[in-house]
Each structure stands twice: as C-alpha cells, then as structure tokens.
Amino acid sequence: MTAVASSEGIRAATGESPFRRFLRRFKQERGALVACGFLLLVAICAVAAPLLAPYDQDAQSLSDRLQNVSASHPLGTDDLGRDVLSRMLFASRVSLIAAIQATAIGVLLGVPVGLVAGYVRGWFDTLASRVADAIMAIPALLLALAIVGILEPNLTSAMIAIGVVYAPRLFRITRAAALSVREETYVEAARSLGTGTGRIILGHVLPNILSPLVVQISLSMGFAILFEASISFLGLGVQPPDASWGSMLGRSTRFFEGSPHLVVVPGVAILLTVLSFNIIGDGVRDSLGKETRNAE
Amino acid sequence: MSANEPLLAIEDLEISFATESGMLPVVRGLDLTVNSGEVVGLVGESGCGKSVTSLAIMGLIPNPPGRITRGRILFNGANLLDLRENDMRAVRGNQISMIFQEPMTSLDPAFKVGEQIASTVRHHLGFSKREAWDRAVEVLSLVGIPGARNRVNDYPHMFSGGMRQRVMIAIALACEPSLLIADEPTTALDVTIQAQVLDLLRELQQDLGMAVVFVTHDLGVVSEVCDRVVVMYAGQAVEWAPTRQLFARPEHPYTQGLLECLPAEHVGETLRPIPGTVPPPHQMPSGCFFHPRCRYSVPGTCDQHPIPSSEVGLDRGVRCVRSGQLDLHGID
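Residues numbered from 1 in each chain as written. Chains lettered and ligands numbered in written order. Predicted model: local features only at pLDDT ≥ 70, side-chain atom pairs only at ≥ 80, totals over all residues. Heavy atoms only, no water.

Once that is clear, we can look at the sheet that holds strand β5 (residues 78–79) of chain B. All names here are of chain B. Taken in spatial order, the four strands make up an open sheet running β2-β1-β4-β5, and their pairing is antiparallel. Both outer strands of the open sheet, β2 (22–34) and β5, are each paired with one neighbouring strand and no more. Sheet analysis places strand β1 (residues 8–19) next to strand β4 (residues 66–75), joined by eight bridges and oriented antiparallel. Across the sheet, the residue bridging to Ala 9 is Leu 74, located in β4. (Pairing = 2+ DSSP bridges. Helix = DSSP H or I, 4+ residues; strand = E, 2+ residues; numbered from the N terminus.)

Residue and element names in this part refer to chain B. Contact pair helix α3 (residues 113–125) / helix α6 (residues 161–173): the axes reach a minimum separation of 9 Å and the direction vectors enclose 20 degrees. Relative to α6, α3 is oriented roughly parallel. The two elements α3 and α6 cross, and the hand of that crossing is right-handed. For the pair formed by α3 and α6, the contact residues are Val 113, Gln 116, Ile 117 and Thr 120 on the first element and Val 167, Ala 170 and Ile 171 on the second. Class assignment for the residues of the contact of α3 with α6 results in five nonpolar, two polar and no charged. (Axes fitted to C-alpha atoms, helices over the stretch in contact; angles between N-to-C directions. Parallel < 35°, antiparallel > 145°, perpendicular 65-115°, else oblique. Left-handed = near helix turned anticlockwise from the far one by under 90°. Contact = heavy atoms within 4.5 Å. Nonpolar A, V, L, I, M, F, W, Y, C, P; charged D, E, K, R; others polar.)

This part takes up the packing of aromatic side chains. Residue and element names in this part refer to chain A. Applying the stated criterion to the full structure yields seven aromatic pairs over all chains. Measuring from centroid to centroid gives 4.9 Å for Phe 223 and Phe 227, while their planes differ by 25 degrees, and the two rings are stacked. With Phe 223 and Phe 227 both in helix α10 (residues 197–233) and four residues apart, this pair spans about one turn of that helix. Exposure class is identical for Phe 223 and Phe 227. Each is buried. Ring pairing ties together the aromatic residues Tyr 166, Phe 223 and Phe 227, which thus form one cluster. The ring centre of Tyr 119 lies 6.0 Å from the NZ or CZ of Arg 182, which sits over that ring. (Phe/Tyr/Trp six-rings, centres within 6.5 Å; stacked < 30°, edge-to-face > 60°. Buried < 20%, exposed > 50% of the residue type's maximum accessible area, 1.4 Å probe, protein only. Lys NZ or Arg CZ within 6 Å of the ring centre and 35° of its normal.)

On to the side chain of B:His291. Residue and element names in this part refer to chain B. Tracing the backbone through its elements, the reader meets His 291 in the loop between α10 (253–260) and β11 (310–313). Looking at His 291, its side chain comes within polar contact range of the main-chain oxygen of Ser 286, at 3.3 Å. Not counting residues within four places of it along the chain, the set of residues in contact with His 291 comprises Pro 285, Ser 286, Ser 297, Cys 302 and Asp 303. (Polar contact = N/O pair within 3.5 Å; in protein donor to acceptor, adjacent residues only side chain to side chain.)

At the junction of the two partners, chain B supplies 31 residues and chain A supplies 25 residues. Summing the contributions of chain B and of chain A, the shared interface buries around 2200 Å²; its carbon and sulfur component is 59%. At the junction of chain B and chain A, the tally comes to seven residue pairs in polar contact (both at pLDDT 80 or more). Counting only elements with at least two residues in the side of chain B that touches chain A, the list comes to α1 (50–58), β6 (96–99), α3, α5 (148–151) and α6 of chain B. Looking at which element gives the most residues to the side of chain B that touches chain A, the answer is α3(B), with four residues. (Buried area = accessible area lost by both parts, 1.4 Å probe.)

Let us now look at a nonpolar patch on the surface. Side chains of A:Val264, A:Val268, A:Leu271, A:Leu272, A:Leu275 and A:Ile279 sit close together on the surface and give an oily, nonpolar patch of about 450 Å² of accessible area. On the secondary structure map, A:Leu272 appears in helix α12 (residues 261–287). (Patch = residues over 30% accessible without salt bridge, like charges linked within 9 Å, V, L, I, M, F, W, Y side chains within 5 Å. Areas by Shrake-Rupley, 256 points an atom, 1.4 Å probe, with all protein chains shown as cover. Salt bridge = Lys/Arg side-chain N within 4 Å of Asp/Glu carboxyl O.)

A few words on the pairing of strand β3 (residues 39–43) of chain B. All names here are of chain B. Most of β3 is tucked away: five of the five residues are buried. Here β3 shows two buried faces, one formed by Val 39, Gly 41 and Val 43 and the other by Val 40 and Leu 42. Summarising the sheet, β3 and strand β9 (residues 228–233) pair through four bridges and their orientation is parallel. Bridge pairing links Gly 41 to Val 229 in β9.

This is the structure we're talking about:
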C-alpha cells in the first residue's frame, strides 16, 4: 500500500494537464500580462470604435487642418482637418483585422504543408522546401509589393501578400518540429498500433509541435501589423479614405516638421502593438516546458 | 488455418538497406516459426538484425532506405508482405502488437494514457467512447497499475519508467492480439523492475494465450520467459533450439560465447567476452560470418563458402560446419 500512497502523492504534486501548467506559469510572466492587457485595450478600441470616436472618421474640416493636440481634438487633426483620435480608433480595426487575416493565411499555407513535408518526407518535402527557400530568397517587401501589384492595391491583396511572405517561415518551423517528432518512439508506437498517416499527423504530430507554433503565430501577428504598415505607408495597402496606422503614418510624414503628433501617434500605436505581440510570444515560449530550457 | 499450422512463419526473409555501397542485406535467409501461445526469443548482439526483423513483421521497415528483398512472412497462413498498407493497418495493434525498448518515449506526452488506450480500441474494435474508456481502465488494472480508474486520467510524465512500460503493454494488449512482438521491453528498466515486467508479460501471455516474439540481447531474460530461442548473428539465424537444450548444450560457438557472457552464471570468475564486434554489412567476411571471432575456426574450412544450416534434432538447427565435432559447454 505504501507504493500506492506515494504514487498518489506524486500525482497530487504534478497532476495537472499541460494546459493548466501553461496557464499557471504564464500568470507569472508580468511583461506578457501587461502586453495582453494592452492588446485587449486595442481590441476593445477596435470593436467599439463607432461608440468611442468623437467625430466621423472621414469628416473633413479644412478650417481645422493640422491642429495640435487640444480639448476638442485630443490627438489633433490631420492635413484635411479630420480628427486623428477617431481615425486612429477606426484604423486599429483595419490593422488588427489585417494582422489576423494575414496570419491566418500564413498558417493555412505554411502549417499543413510543413506537417506533411516534415512527416512524410520524400519528393513532397523536397519540392515544398525548395519553394519556401525561393520565396524567402526574395526580399519580403519586394515580393509583397509584387503580389499586391499583380492583384489590385487594396487591403485584401496586402493581406494575401503578407500571408504568402510569412508562410515559408511557419512552414520551416512546422517542418522542423514535425521532423523531430516523427522520430519519436511514440509515433512509431502509434504506427505499430495501426494508426494511419493522417491520424498520426493530426493526432500525434500536431499536438506535440503546438508550443513552437503558438510562439511563432504570436510573433507573426506583430510581423503582420508592421508589414501592413509598411505596405500601406507605400500606398499599396488600405485605400483612402479608409485608414490603417501605416497609411496614417505614410500620409503624415510630409507634415512632420509642423505637426509631429501626426507621425508620433500612429507610430507609437504600431510600436506598442508589435512589441506586445513579441512580448507575449516570449512569455508563451517561457511558459511552455521545453522552450524554457532553450531560451538563452 | 489448420491445427498444426504455425501462427507466424517467416520464410527465407531477406531485408536490405540502401547504403553508400548499394543495397546491402542486413537480414539474410531468416526462417522463423512461432506457434500460437508460444514465446520465442530472438537473441543477438546489437546490429544482428533482430530489431529489423521485428519491424518487418509489423510492416514498419522505413522505406526508403529499407526494403524486404526476398521471402515471405505468413501470419495465419496469409503473407503479410502481400497486404496493402490499409489492410496491414488493420492487422497492426489488433492482431499483432508491439512494445518498444524505450518506455520513457513510447507514450505520446500530449495525451492522457487512457485516451491513448481508448483510441486504439475505438479504432480497431469500433467501441463507443464509454466502452473504450472502460476497456482502458480494465487493461490498466490487468497490467497491475494500482488505482487504474484514476490513473487513466494521468499523463505519461506522471508515470515512472516501469509503470510506463506497463502502460505500453496495456495499449498493446487492449485489442487482445494473437501475437505480441516485444522489442527489448526490459532493457531500459532497472533490474528489479525488469523482473516485475517479465513476470507480468509471462503471466499475461499465459492468461491470454498469445504468442510472443521476444527480442533481446540478454540470454538471462530468455531463460526466464522463452520456450524456444533463435540466436541471430550478422543477419542470419545461427542456432535455434528449445530454450533448455540451447542452454544445456549449445551447438554454435557464438551461442556458447553468449552464454559465457552471462554475469550471473559466473559469479567470482572473470567474464569471457567474445572478442571483436559484428562486422558491418558491407564488410562481411567470406565463409562463416562468425569465423574471424570464433576460437574454433579452422582456416580453409570455415572461411571459404557460405555455411548452410543443418538440422541437429527435433526443432533444433545450427549454421556451423564444425557442429558435432566441437565439445561446447553450456550451463545448467
């Protein structure tokens, strides 16, 4: 009976599911929690933009153009006299949705291909890896601009472009992780139990590579926001009168000397949001068992 | 299947692997039969082809680089090598199961052990969720895990090595296979746990009446669990015999060498290891593959032509041209 008692004791000490353990550890990552709080705030702003915005985002008032920060316009006005706060709120919608769409496209392209390539190997792996290498050999911005150029310059094209640019990175991470998992004895054991390839990939490989994937997806959100800003800055993303943070930044550079707030406000928003996603990515990595040991 | 037909019959099996020097056979002309309810030991040093043989029975030889280049593997009279992948899947885990050497890594860390047992049962036997879960509890208690009803909800990291091997055995037995392949199931365990797991396997084997192919490098383990033994060297069966006869009166010098390496039988004496190692597949010596390491080898006799196997009794055979001339000693 002592054996039973002691095994029960060990159970009590370690008897939590991997997800619970992750939550417990993540709660101790202060930076990541602050970043989560900030992103939540941005998300609320985005969702409630019509309620929070003091002005119509597109209402022009040429007599009020390029005003500095004031009581009536908390973040000033732009070169067409539009309220910057209102535009920032609506732009956060565009930026966040853009990031989610782009990441989703990247995940849908990169992860399944990476899983199959890493687990099945063979010619498919060779082909997919070479395609990924080729995409990564082209400068990301140039490739994105080319894709947007081939499609038409709007936000959806920009998102597809960002997704395509990012997919090879997700592909590589997924493939590398799948490659190591496929050699695990439990995968061989699963095969010895008559489990089919598809079930092994979805049932054993995917769950065991989620940790690095989640980290990478969090990082890719930051990347997508930054990239959308770059493309919109160059005028190929969101089209006027709609705005994203990047397009607001791009438009305002001409007035930087007289109205620096036009640059600073969207710039800081992009900075903090991207930083938040990166900090969360780090926090997630540190809270997931394996990666902690590899960090530093 | 007729009454005297063996459950598993491997005939003239050759398995080759692609290497820099071309396709090289790692298992050559292997014959092996396993009757229902019988425990057969497959013994040899690292690299002798015993694990590859067990993977071949499961149809799990990694291809490329490996390929079965000759022979048949008959299971219940049907050649497993003719089965398509889908049909083979229905055999694996259901009629033939396997347990592995590494209990620490053989369980998927992402799932509760109950789920891992239940999913196999649902997959093969079409049980409902509830039935499968009950079955998981049932087999976990069968393999002697205390508090099985609670422990099905535990993750693999919450089990010790010996307990994990029990869980592996539970998964392997969940569908009541008629053949279990145990690939060094106790090698990674410490000695006391090893004895427990061996007892358990023997007990379950008798209760369930299943046949076991027991792959190991440890003749001590063989003497405890096996009815018959096949000794492999460099991809060939060099001697096969009922366990007792093999221990008492080995016919092949290699078998004698292995027996001399058993520490428990030679307390206080100096062990007599077999000099050298198994030759790599691309540098096989001519004649008997064992002759460079054999203290009885005779130039001109042992190193010229491939050695045929010969029957030396009921269920006994040996691959040595000098068998009969040698006075080899075994242990009691």
